[in-house]
Amino acid sequence: MILRHVFSLTFITFLSTIQLFAQSTVTGTIKDNVSNELLPGVLVEVEGTDQYAQTSISGVFTIEGLEAGEISLLISAEGYELIRSSFTVKLGSNDLGEISLKPSFTDENTDSEDLVPTIMLSDEEVESGSSGTQTVSGILNARRDIFTSKVAFAWSVARFRIRGYDSDNTQLYMNGIQMNDLESGRPTWWTWSGLNDVTRNRNSVIGLGVTDFASGDIGGASFLDVRASKQRKQFRVTYTFANRSYNHRLMATYNTGVMENGWAFSFSGSYRLSDQGPWTYIKGATYNGGSYFVGVEKIINNKHSIALNVIGSPNVRGKGGPAVQEMFDLAGTNYYNPNWGYQTAPDGRQLVRNSRMTDSHQPLFLLSHESKINEDIKLHSSVSYQFGKYGSTALDWYNAEDPRPDYYRKLPSYIEDPYQQQLATDLLMNNESLRQIQWDRLYDINRNAYEFVADPNGVMGDTLYGNRSRYIVEERRYDSQKANAAMWMNAKVNDFLRIDGGLSYQFYNSRNFKVVDDLLGGDFYVDINRFVQRDSANSSNPDVYQNDVDNPNRILAVGDVFGYDYEAIVHKARAWAQAAFTFKKIDFFLSGQGEFTSFYRKGNMRNGLFPDNSFGLQDPKNFFTYGTKAGLTYKIDGRNYVFANASYQTKAPYFRYTYISPRVRDQIISENLDSLISSNYSFEAGYMLRSPKIKARAVAYYTKFVNRFYQRSFYLDLVTTTDAGGAFVNYIMRGIDQQHMGIEIAAEYKFDMGLSISAAASIGEYTYTTRPQASFFLDNDPTTEIDTRTVYLKDFYIPNTPQMTYNIGATYRSKKYWMLSVNFNYFHRSFVDVNPDRRTLRAVSYTPNPDVQQQAVEPGSELWESILAQEELPGRFTCDLFFSKSWKVDNYFIYLNIGVSNILNATDIRTSGFEQYRFDYAEKNVDKFPPKYYYAYGTNFMVQVAFRI
């Protein structure tokens, strides 16, 4: 009996062993076919079964327990085309080797910047399993998911900002070098504008997801890899015709790929032009820009490579500008531009001239090195240097009337007499030149402005005679130098732990100054402050109105520096580290960073108002800040995931907003440096579904910004309680808190016949949550703080981005290599930027007679509401269409792309607006200084033809 049981047990064990050995294992490695990067988080499914796996941190997947025989694998990843592959599984281990995925957004589609509808831009202005190491990081770090595609293409017309954040809450890297401006924090996308072909290799994260190249920010982070070895081997020429910011663009790109000798070369260039022809929406908004890219890389061996890139985008463009609705109505178009006019050339031709021209060129030199210490550890390092010019012109005038055609005193609404008002209306409607800058008139005034200047250039007793220009064109320059160094490491410790970390250092020097660009027919200009000269008649200081005390009454010619001249010098060092854990059912990560920021001002001109703290090198302002971030993902199965991420960080202030008036003095808004550090905490949680047919994403988020501040300089009509007069002031608000919360939803379903439908929505509420204190400093008076007011800003909305946005779209991809896509969009709940001083007690209670104490405006009345209410821009509907077709002839490819935005030609879409900082405190006339607006283009198109070998 005992022997019988032993025999039975042995037999069962034997059968189990046979069955175990009869099962098979399939392994493979997934990579990007363009960049050759290994892809984590790719879903690999055995079709018709519930067996699946996801690629690990190293891009490797393993599926165990398979029966021998024919199987079909479905391989899918967000932003890549679906692969269905059939093969025969043999007993034992089956290694499929490397499998390449093709990005959905490649050269076969049009350039992303061409798809994006154009708006008028302001001047001021992305589990369960039986085997292997699996990770979800690749899903959450997708190249481009459904939601980010809607953001980039369908919603940009409404100036949509993800979660209502400003751009300085998103980090942008190129080969590991951070490309955010150190003065303002904004990404410097314009540095490589027009170089679409060579900036496609992008890894982006929206929100608080894990990254392996930086600590990231609450808005996410993006990494551009521009090394020559990562560029697709090709020769490509593209021509684009459009009625957007430019009309014509020609682009050419040549990439060798990695050659047998280990070298790789990449060259790209483009030229863009607006010819101001019949296809131009905004007169005077000229565009003349080029771009160039050179990439050289040497793969030294299987462990080392070194790459050099040279990138630049020189361009000259004329700016459009906002206007009050009255001027749009008088012009008969919502694309009125107050910045331009006609100038008569010597041969009699009428030339278009814009007073607000931008001229920039700041080439970037980038050297990168990658070292594979072993199969599990990579060390990256990069250094860069960037320098060059950024200039923006504007009109300046002395002892003359305001030359701007939309100056409020020139508008019919300013005229009280009905007859004169109607006469002015008729003149402006019927005479376009009165709605423009009258260049010929400015020249005539200057040529007849004969006078003398006493003590010119500080020479006592001397006198200069000539035509002193009443009007000139000045160029405001922001010439900078930037040096960066960064090093970061990615280390796979074992099958469930990856450690990332890095160090970086940034140096920034920006020289800010003005030069005389054009004397407009005059002989000279004088370097004095006209506003101080006007307001300081009784001053005991004879030099108070001198912009440069060391060179009083300096006579200016074209090209001379004047007005102000100072340097912003910034040093920033950062260290960060991250640990990412990957298990069968749960992934989680934890990261932290520390940052040291130091900046100071160097004055190159001694100002007459502030002779003691305007010149020379001033004391540095030092800040230490930190941040931490953590996240967890639970894998329900291979297709369904839930996740939650949270962060807390402190931030140093930016140089540009820390000084009361950096042009003329070294005075910061608070001597307590710690009070200038802001903070934020953020949380997001969501669900993701990903399968070959259905992709869906739903995220809820909450962010609180604490202790932000606001700095502006403008003319304030009421400076003090007892004085009805106005002056130029530096206006500082401190203690601003903001709350951003909402949900993001996106889904896509793919039918078998090539049709897919998608939908997305962003529903949020972004508001101010405190009543900050506003302080005033006279711009033309050395007095310190002269007044403080409470701003009742609580519950007002964050402006100039829709808080609710919806989209539904359909795409058909034919097997004959053509594609048609249509999108329907609705934008809602966008608000204008408010004048904070209109939300103070004095705006509703001030009366010209200080002895009268009663309220000037009755609380709750219609006037009360009109003064305090925040204007909501009308919700709007748009429709966009995109078509593409490709042909292959031998080894040649031809692509045709056509994009049409705003098909219904809605020309009344206000994308944003702002209240003017001036307000009629005495009469409470809210229409005296009405808001200014920007409008989206009507129907705009892009037609692109590309040829590729």
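Here the residue numbering is sequential within each chain, running from 1 through the sequence in written order. Local features are withheld for residues below a pLDDT of 70 in this predicted model, meaning they are given only at 70 or higher, and side-chain atom pairs are given and counted only at 80 or more; totals for whole chains, interfaces and linings count all residues. Note that water and hydrogens are dropped before the side-chain values are worked out from all heavy atoms of the structure.

### A short note on the overall build of the protein
Item 1. In terms of helices and strands, the protein carries 11 helices and 49 strands.
Item 2. When the 949 residues of the protein are sorted by exposure, 56% land in the buried category. Put simply, DSSP marks the helices as runs of H or I at least four residues long and the strands as runs of E at least two long, and each gets a number from the N terminus on. For each residue, the accessible area found with a 1.4 Å probe, counting protein chains only, is set against the maximum for its type, and the residue is called buried under 20%, exposed over 50%, and partly exposed in between.

### With respect to the sheet that holds strand β4 (residues 60–66)
Two pairing modes exist for strands in a sheet, parallel and antiparallel, and in both the strands are linked by backbone hydrogen bonds.
Item 1. The three strands lie next to each other as β4-β1-β7, forming an open sheet whose pairing is mixed. Both edges of this open sheet fall to β4 and β7 (92–101), since each of them pairs with a single strand only. When the angles between neighbouring strand axes are averaged without regard to direction, this sheet yields 20°.
Item 2. As defined by bridge partners, strand β1 (residues 24–32) adjoins β4 across five bridges and the pair is classed as antiparallel. Opposite T29, over in β4, you have V60 as the bridge partner. The criterion for strand pairing is that DSSP finds at least two bridges linking the strands in question. Helix axes use the C-alpha atoms of the stretch in contact, all axes being lines fitted to C-alpha atoms, and the angles between their N-to-C directions lie in the range 0 to 180 degrees.

### Considerations on the sheet that holds strand β6 (residues 83–89)
Item 1. Overall, antiparallel pairing links the four strands, which are arranged β3-β2-β5-β6 in an open sheet. Since the sheet does not close on itself, it has two edges, and those belong to β3 (52–54) and β6, each with one partner. Each strand axis lies, on average, 20° off the axis of its neighbour in the sheet, ignoring direction.
Item 2. Summarising the sheet, strand β2 (residues 43–46) and strand β5 (residues 69–76) pair through four bridges and their orientation is antiparallel. The partner of E45 across the bridge, within β5, is L74.

### Observations regarding the packing of aromatic side chains
Item 1. Put simply, two rings from Phe, Tyr or Trp (the six-membered ring, in Trp's case) pair if the centres are within 6.5 Å, and we call them stacked under 30 degrees between planes, edge-to-face over 60, tilted for the rest. By the definition in use, this model includes 46 aromatic pairs.
Item 2. Relative to Y414, the ring of Y408 has its centre 5.4 Å away and its plane inclined at 90°; by these criteria the two rings are edge-to-face.
Item 3. Looking at Y414, the relative accessible area reads 33%, which means it is partly exposed.
Item 4. The positively charged end of R530 is found above the aromatic ring belonging to W397, 4.8 Å away from the centroid.
Item 5. Only lysine NZ and arginine CZ atoms are considered, and such an atom sits over a ring when it is within 6 Å of the ring centre and within 35 degrees of the ring normal. Over the ring of Y710 we find R712, and its NZ or CZ is 4.4 Å from the ring centre.

### Quick look at the pattern of salt bridges
Item 1. Salt bridges are counted wherever a side-chain nitrogen of Lys or Arg sits within 4 Å of a carboxyl oxygen of Asp or Glu. Scanning all chains against the criterion turns up 43 salt bridges.
Item 2. Its salt-bridge partner being E475, residue R477 comes within 3.6 Å of it at the nearest N-O pair.
Item 3. Given a relative accessible area of 15%, R477 falls into the buried group.
Item 4. The partner of R554 in a salt bridge is D527, with the nearest N and O atoms 3.1 Å apart. One end of the pair, R554, is in the loop between α8 (530–535) and β29 (555–556); the other, D527, is in the loop between β28 (525–526) and α8, with 27 residues separating them in the sequence. The pair formed by R554 and D527 is uniform in burial state, with each residue classed as buried.
Item 5. Within the structure, one salt-bridge network assembled from shared partners comprises D359, K389, E475, R477 and D479.

### Thoughts on the nonpolar core
Item 1. For this analysis, a nonpolar core means a set of buried residues of the types Ala, Val, Leu, Ile, Met, Phe, Trp, Tyr and Cys, connected via side-chain atoms within 4.5 Å. If you look at the biggest cluster of nonpolar residues, it comprises 27 residues, and the most contacted ones within it are Y731, M733 and L793.
Item 2. Of all the secondary structure elements, the ones that give two or more residues to this core are β36 (694–716), β37 (727–750), β38 (755–768), β39 (773–778), α10 (841–845) and α11 (862–868).
Item 3. The element that contributes the greatest number of residues to this core is β37, accounting for five residues.
Item 4. Two residues form a contact once any of their heavy atoms are found within 4.5 Å. Y731 has contacts with Y710, Q711, R712, F714, A774, S775, F776, V791, P836 and D837, leaving out every residue within four places of it along the chain.

### Side note on empty space enclosed by the protein
Regions of empty space are outlined by a rolling probe, equal in size to a water molecule, passed over the atoms.
Item 1. Put plainly, a pocket is an open set of points on a 1 Å grid over the protein atoms alone with protein on both sides within 12 Å along at least five of seven lines, a cavity is a set where a 1.4 Å probe fits but cannot get out, and a lining residue has an atom within 4 Å of a point. Grid points are joined across faces, edges and corners, and a volume is the space filled by probe spheres set on the points. What the largest cavity holds in volume is close to 320 Å³.
Item 2. Around the largest cavity, the lining is made up of 26 residues, and of these K572, R574, E595, K651 and Y654 lie nearest the centre.
Item 3. Within the residue set of the lining of the largest cavity, elements represented by two or more residues are β30 (561–582), β31 (586–603) and β34 (640–651).
Item 4. Broken down by element, the lining of the largest cavity gets its largest block of residues, four residues, from β31.

### Some remarks on the environment of R236
Item 1. With respect to the helices and strands, R236 occurs in strand β12 (residues 234–242).
Item 2. Looking at R236, the relative accessible area reads 0%, which means it is buried.
Item 3. C-alpha of R236 to C-alpha of A946: the two residues are 710 residues apart in sequence and 6.9 Å apart in space.
Item 4. Under this definition, polar contacts are N or O atom pairs within 3.5 Å; protein pairs additionally need one hydrogen-donor-capable and one acceptor-capable atom, and for neighbouring residues in sequence, both atoms have to be side-chain atoms. Among the polar contacts listed, one links the side chain of R236 to the side chain of T238, at a separation of 3.2 Å.

### Observations concerning helix α4 (residues 146–154)
Item 1. Most of α4 sits inside the fold, with eight of its nine residues counted as buried.
Item 2. Of all the positions in α4, only I146, F147, T148, S149, K150, V151, F153 and A154 are classed as buried.

### A closer look at the environment of F893
Item 1. By the secondary structure assignment, F893 is in strand β46 (residues 892–901).
Item 2. For F893, a relative accessible area of 22% corresponds to the partly exposed category.
Item 3. For the pair F893 and R948, spaced 55 residues apart in sequence, the C-alpha to C-alpha distance is 5.1 Å.

### Description of unusual backbone geometry
Leaving glycine aside, a negative phi is the common case for residues, and trans is the common case for peptide bonds.
Item 1. You will see that N800, though not glycine, has its phi angle at about 60°, which is positive.
Item 2. Checked against the element boundaries, N800 lands in the loop between β40 (787–790) and β41 (804–813).
Item 3. One non-glycine residue, N905, adopts positive backbone phi at about 55°.
Item 4. For N905, the location among the structural elements is in the loop between β46 and β47 (910–914).

### Observations concerning the pairing of strand β19 (residues 340–344)
Item 1. Here β19 pairs with strand β20 (residues 350–354) via five bridges, running antiparallel. Counted as the bridge partner of W340 is N354 from β20.
Item 2. In this antiparallel pair of consecutive strands, β19 and β20, the connection spans five residues, and G348 shows a positive phi of 95°.

### As for a nonpolar patch on the surface
Item 1. Here the term patch refers to residues with relative accessible area over 30% and no salt bridge, with like charges joined within 9 Å and nonpolar side chains (Val, Leu, Ile, Met, Phe, Trp, Tyr) within 5 Å. Note on areas: Shrake-Rupley, 1.4 Å probe, and residue coverage restricted to the protein chains presented here. A cluster of nonpolar side chains, namely F235, Y254, F267, V294, W887, V889, Y892, I894, V945, F947 and I949, defines an oily patch on the protein surface of about 910 Å² accessible area.
Item 2. Elements supplying a minimum of two residues to the nonpolar patch: β45 (876–889), β46 and β49 (940–948).
Item 3. Exposure remark for F947: the relative accessible area of 32% places this residue in the partly exposed category.

### Quick notes on helix α7 (residues 439–447)
The periodicity of an α-helix, 3.6 residues per turn, causes residues three or four places apart in sequence to face the same way.
Item 1. For α7, every residue scored as buried is listed here: W439, L442, Y443 and N446. Buried residues of α7, seen end-on, are gathered within an arc of 100° and therefore sit on one face of the element.
Item 2. Tucked inside the fold, the buried residues of α7 contact β19, β20, β23 (377–397), β25 (463–467), β26 (471–494) and β27 (497–518). Throughout, the arc means the angular range of directions from the helix axis out to the C-beta atoms.

### Considerations on the side chain of R498
Item 1. Here R498 lies in strand β27.
Item 2. Only 2.8 Å separates the side chain of R498 from the side chain of D500, close enough to count as a polar contact.

### Some words on the confidence of the model for the protein
Item 1. Confidence of the predictor in every single residue is expressed as pLDDT, which spans 0 to 100. This prediction gives the protein a mean pLDDT of 87; 90% of its residues lie at or above 70.
Item 2. Mean pLDDT values for the elements of the protein range from 34 in helix α3 (residues 137–140) up to 97 in strand β16 (residues 304–312).
Item 3. Note that residues 105–113 has pLDDT below 50 and, in this model, 39 contacts with residues that lie over four places away or in other chains.
Item 4. Contacts for the low-pLDDT stretch residues 115–143, under 50 throughout, to residues beyond four places or in other chains number 132 contacts.

### Considerations on the side chain of N180
Item 1. Here N180 lies in the loop between β9 (177–178) and β10 (202–206).
Item 2. Looking at N180, the relative accessible area reads 9%, which means it is buried.
Item 3. A polar side-chain atom of N180 sits 3.3 Å from a polar atom in the side chain of Q178.
Item 4. If near-sequence neighbours (up to four positions away) are discounted, N180 is found in contact with S167, T170, Q171, L172, G185, R186 and P187.

### Thoughts on the environment of T170
Item 1. Relative to the helices and strands, T170 is located in the loop between α4 and β8 (171–174).
Item 2. Look at T170 and you get partly exposed, because its relative accessible area is 26%.
Item 3. Linking T170 and G216, residues 46 residues apart in sequence, is a C-alpha distance of 7.4 Å.
Item 4. Leaving out residues up to four positions away in the same chain, T170 has contacts with N180, P187, D217, G219, G220 and A221.

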